[in-house]
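Now for the letters of each chain:
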Amino acid sequence: KRGRLAIESSMSGEEKVLLEGMLFGFQGEISEEQYFLFQKSGLVHIFSVSGFHVGFIVLMGVWTANRLGKRKTTRFLIVLSFITLYGFMTGWPSPMVRASIMASLGLMAHYLGREEDLPTSLALAGIVLLVINPANLFEISFQLSFLATWGLIYLYPRWRDLTEAKG
(Lines give C-alpha, C1' and ligand atoms only; values in the text may rest on other atoms or scores of the structure.)
Protein backbone atom coordinates (compact mmCIF):
# COMPACT_ATOMS: atom_id res chain seq x y z
CA LYS A 1 0.00 0.00 0.00
CA ARG A 2 2.84 2.37 0.83
CA GLY A 3 4.49 1.61 -2.49
CA ARG A 4 1.34 2.59 -4.34
CA LEU A 5 1.00 5.75 -2.26
CA ALA A 6 4.60 6.74 -3.00
CA ILE A 7 4.07 6.22 -6.71
CA GLU A 8 0.77 8.13 -6.66
CA SER A 9 2.33 11.07 -4.82
CA SER A 10 5.22 11.41 -7.26
CA MET A 11 3.55 10.51 -10.58
CA SER A 12 0.27 10.93 -12.28
CA GLY A 13 -1.73 9.50 -15.12
CA GLU A 14 -0.22 7.00 -17.50
CA GLU A 15 3.25 6.90 -15.91
CA LYS A 16 1.78 5.95 -12.54
CA VAL A 17 -0.35 3.17 -14.01
CA LEU A 18 2.52 1.73 -16.05
CA LEU A 19 4.98 1.79 -13.15
CA GLU A 20 2.48 0.05 -10.85
CA GLY A 21 1.94 -2.55 -13.55
CA MET A 22 5.66 -3.18 -14.02
CA LEU A 23 6.55 -3.25 -10.32
CA PHE A 24 3.56 -4.97 -8.78
CA GLY A 25 1.68 -6.60 -11.66
CA PHE A 26 -1.38 -4.34 -11.26
CA GLN A 27 -3.05 -4.26 -14.67
CA GLY A 28 -6.54 -3.06 -13.83
CA GLU A 29 -5.95 0.60 -14.60
CA ILE A 30 -3.95 0.17 -17.82
CA SER A 31 -6.00 1.35 -20.76
CA GLU A 32 -7.00 -1.19 -23.39
CA GLU A 33 -5.12 0.82 -26.03
CA GLN A 34 -1.93 0.92 -23.97
CA TYR A 35 -2.19 -2.79 -23.15
CA PHE A 36 -2.72 -3.61 -26.84
CA LEU A 37 0.41 -1.64 -27.75
CA PHE A 38 2.44 -3.63 -25.22
CA GLN A 39 0.98 -6.87 -26.63
CA LYS A 40 1.79 -5.80 -30.18
CA SER A 41 5.38 -4.96 -29.27
CA GLY A 42 5.85 -8.24 -27.37
CA LEU A 43 6.46 -6.48 -24.06
CA VAL A 44 3.21 -7.32 -22.26
CA HIS A 45 5.04 -9.86 -20.07
CA ILE A 46 6.62 -7.02 -18.07
CA PHE A 47 3.27 -6.71 -16.31
CA SER A 48 3.55 -10.29 -15.03
CA VAL A 49 5.53 -10.51 -11.81
CA SER A 50 7.89 -13.45 -12.20
CA GLY A 51 11.53 -14.49 -12.12
CA PHE A 52 12.76 -11.27 -13.71
CA HIS A 53 11.25 -9.25 -10.88
CA VAL A 54 12.35 -11.70 -8.20
CA GLY A 55 15.87 -11.52 -9.61
CA PHE A 56 16.00 -7.79 -8.98
CA ILE A 57 14.59 -8.25 -5.48
CA VAL A 58 17.25 -10.89 -4.77
CA LEU A 59 19.97 -8.52 -6.05
CA MET A 60 18.73 -5.73 -3.77
CA GLY A 61 18.42 -8.18 -0.88
CA VAL A 62 21.93 -9.59 -1.36
CA TRP A 63 23.38 -6.08 -1.63
CA THR A 64 21.63 -5.05 1.58
CA ALA A 65 22.43 -8.31 3.37
CA ASN A 66 26.13 -8.05 2.55
CA ARG A 67 26.22 -4.64 4.20
CA LEU A 68 24.17 -5.58 7.27
CA GLY A 69 24.92 -9.17 8.10
CA LYS A 70 28.16 -10.94 8.80
CA ARG A 71 26.83 -14.45 9.28
CA LYS A 72 25.53 -16.47 6.36
CA THR A 73 22.32 -17.24 8.21
CA THR A 74 21.64 -13.54 8.78
CA ARG A 75 22.33 -12.68 5.14
CA PHE A 76 20.06 -15.51 3.96
CA LEU A 77 17.22 -14.38 6.23
CA ILE A 78 17.56 -10.78 5.04
CA VAL A 79 17.27 -11.79 1.38
CA LEU A 80 14.41 -14.16 2.20
CA SER A 81 12.64 -11.25 3.94
CA PHE A 82 12.98 -9.12 0.81
CA ILE A 83 11.48 -11.92 -1.31
CA THR A 84 8.63 -12.49 1.14
CA LEU A 85 7.81 -8.79 1.45
CA TYR A 86 7.71 -8.43 -2.34
CA GLY A 87 5.51 -11.52 -2.58
CA PHE A 88 2.97 -9.95 -0.25
CA MET A 89 3.15 -6.68 -2.19
CA THR A 90 2.30 -8.47 -5.43
CA GLY A 91 -0.31 -10.90 -4.11
CA TRP A 92 1.75 -14.06 -4.75
CA PRO A 93 0.85 -14.86 -8.38
CA SER A 94 1.95 -18.35 -9.52
CA PRO A 95 5.05 -17.18 -11.44
CA MET A 96 6.14 -15.18 -8.38
CA VAL A 97 5.74 -18.21 -6.10
CA ARG A 98 7.71 -20.38 -8.52
CA ALA A 99 10.50 -17.84 -8.81
CA SER A 100 10.55 -17.22 -5.05
CA ILE A 101 10.85 -20.92 -4.21
CA MET A 102 13.59 -21.42 -6.77
CA ALA A 103 15.47 -18.30 -5.64
CA SER A 104 15.18 -19.29 -1.97
CA LEU A 105 16.48 -22.79 -2.65
CA GLY A 106 19.32 -21.41 -4.77
CA LEU A 107 20.28 -18.96 -2.03
CA MET A 108 20.10 -21.69 0.59
CA ALA A 109 22.41 -23.87 -1.50
CA HIS A 110 24.80 -20.96 -1.95
CA TYR A 111 24.94 -20.08 1.73
CA LEU A 112 25.33 -23.76 2.71
CA GLY A 113 28.13 -24.22 0.20
CA ARG A 114 26.17 -26.71 -1.88
CA GLU A 115 25.63 -26.94 -5.61
CA GLU A 116 22.40 -25.47 -6.95
CA ASP A 117 19.97 -27.98 -8.45
CA LEU A 118 17.66 -26.10 -10.81
CA PRO A 119 15.58 -29.10 -11.99
CA THR A 120 14.80 -30.13 -8.42
CA SER A 121 13.94 -26.59 -7.35
CA LEU A 122 11.62 -26.25 -10.37
CA ALA A 123 9.93 -29.55 -9.50
CA LEU A 124 9.54 -28.57 -5.84
CA ALA A 125 8.04 -25.21 -6.81
CA GLY A 126 5.53 -27.01 -9.03
CA ILE A 127 4.58 -29.46 -6.31
CA VAL A 128 4.11 -26.66 -3.76
CA LEU A 129 1.90 -24.67 -6.12
CA LEU A 130 -0.19 -27.71 -7.00
CA VAL A 131 -0.60 -28.70 -3.34
CA ILE A 132 -1.76 -25.16 -2.54
CA ASN A 133 -4.18 -25.15 -5.47
CA PRO A 134 -4.43 -28.08 -7.90
CA ALA A 135 -6.36 -25.85 -10.32
CA ASN A 136 -3.11 -23.96 -10.93
CA LEU A 137 -2.30 -26.70 -13.43
CA PHE A 138 -4.93 -25.21 -15.76
CA GLU A 139 -3.84 -21.57 -15.35
CA ILE A 140 -1.93 -20.13 -18.30
CA SER A 141 0.43 -18.14 -16.03
CA PHE A 142 1.41 -21.36 -14.23
CA GLN A 143 1.92 -23.23 -17.50
CA LEU A 144 3.93 -20.50 -19.22
CA SER A 145 6.06 -19.82 -16.16
CA PHE A 146 7.05 -23.46 -15.80
CA LEU A 147 7.47 -24.02 -19.53
CA ALA A 148 9.72 -20.98 -19.92
CA THR A 149 11.80 -21.94 -16.90
CA TRP A 150 12.05 -25.55 -18.07
CA GLY A 151 13.27 -24.24 -21.43
CA LEU A 152 15.94 -22.13 -19.76
CA ILE A 153 17.09 -25.08 -17.65
CA TYR A 154 16.99 -27.86 -20.26
CA LEU A 155 16.84 -26.44 -23.76
CA TYR A 156 19.06 -23.36 -23.56
CA PRO A 157 22.25 -25.26 -22.57
CA ARG A 158 21.75 -27.69 -25.45
CA TRP A 159 21.07 -24.87 -27.92
CA ARG A 160 24.14 -22.99 -26.66
CA ASP A 161 26.32 -26.09 -27.06
CA LEU A 162 25.03 -26.64 -30.62
CA THR A 163 25.60 -23.03 -31.69
CA GLU A 164 29.07 -22.89 -30.11
CA ALA A 165 30.06 -26.14 -31.82
CA LYS A 166 29.09 -24.68 -35.23
CA GLY A 167 30.65 -21.27 -34.63
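As a reminder, the structure under discussion sits directly above these lines.
A.B. asks: Outline the overall build of the chain, listing residues and values.
C.D. replies: A tally of regular secondary structure across the chain gives 8 helices and 0 strands. Each helix and strand of the chain, ordered N terminal to C terminal, gives the series α-α-α-α-α-α-α-α. Projected onto its principal axes, the C-alpha positions of the chain cover 45 × 45 × 40 Å. Among the 167 residues that make up the chain, the fraction classed as buried is 34%. Considering only intrachain contacts with a sequence separation of at least 6, the fraction spanning at least 24 residues in the chain is 50%. Roughly 11100 Å² of accessible area belongs to the chain as shown, and the carbon and sulfur atoms make up 65% of that amount. Charge-centre separation for the chain: the mean point of 15 positive side chains lies 12 Å from the mean point of 13 negative side chains.

A.B. asks: Explain the side chain of T90 to me, using residue names and the numbers behind them.
C.D. replies: Note on placement: T90 falls in helix α5 (residues 72-90). For T90, a relative accessible area of 11% puts it in the buried group. When near neighbours in sequence (up to four residues on either side) are disregarded, T90 contacts L23, F24, V49 and M96.

A.B. asks: An account of a nonpolar patch on the surface is requested, with residue identities and associated values reported.
C.D. replies: A surface patch of nonpolar side chains, about 360 Å² in accessible area, is lined by F52, F56 and L59. If you trace the backbone, F56 turns up in helix α4 (residues 51-68).

A.B. asks: Could you give an account of the environment of G25, with specific residues and numbers?
C.D. replies: Tracing the backbone through its elements, the reader meets G25 in the loop between α2 (13-24) and α3 (32-41). The spacing of G25 and T90 is 65 residues in sequence and 6.5 Å in space, taken between C-alpha atoms. For G25, the contacting residues outside a window of four places in its chain are E20, F47 and V49.

A.B. asks: Please set out the packing of helix α7 (residues 118-132) against helix α8 (residues 140-166) residue by residue, giving values where relevant.
C.D. replies: Across the interface, α7 lies against α8 with an axial gap of 10 Å and an inter-helix angle of 170 degrees. Looking at the two axes, α7 sits roughly antiparallel to α8. In contact with L118, P119, L122, A125, G126, L129 and L130 of α7, α8 contributes F142, F146, T149, W150, I153 and Y154.

Parameters at a glance
- Residues numbered from 1 in each chain as written.
- Predicted model: local features only at pLDDT ≥ 70, side-chain atom pairs only at ≥ 80, totals over all residues.
- Heavy atoms only, no water.
- Helix = DSSP H or I, 4+ residues; strand = E, 2+ residues; numbered from the N terminus.
- Buried < 20%, exposed > 50% of the residue type's maximum accessible area, 1.4 Å probe, protein only.
- Contact = heavy atoms within 4.5 Å.
- Areas by Shrake-Rupley, 256 points an atom, 1.4 Å probe, with all protein chains shown as cover.
- Lys, Arg positive; Asp, Glu negative; His and termini not counted.
- Charge placed at Lys NZ, Arg CZ, Asp CG, Glu CD.
- Patch = residues over 30% accessible without salt bridge, like charges linked within 9 Å, V, L, I, M, F, W, Y side chains within 5 Å.
- Salt bridge = Lys/Arg side-chain N within 4 Å of Asp/Glu carboxyl O.
- Axes fitted to C-alpha atoms, helices over the stretch in contact; angles between N-to-C directions.
- Parallel < 35°, antiparallel > 145°, perpendicular 65-115°, else oblique.

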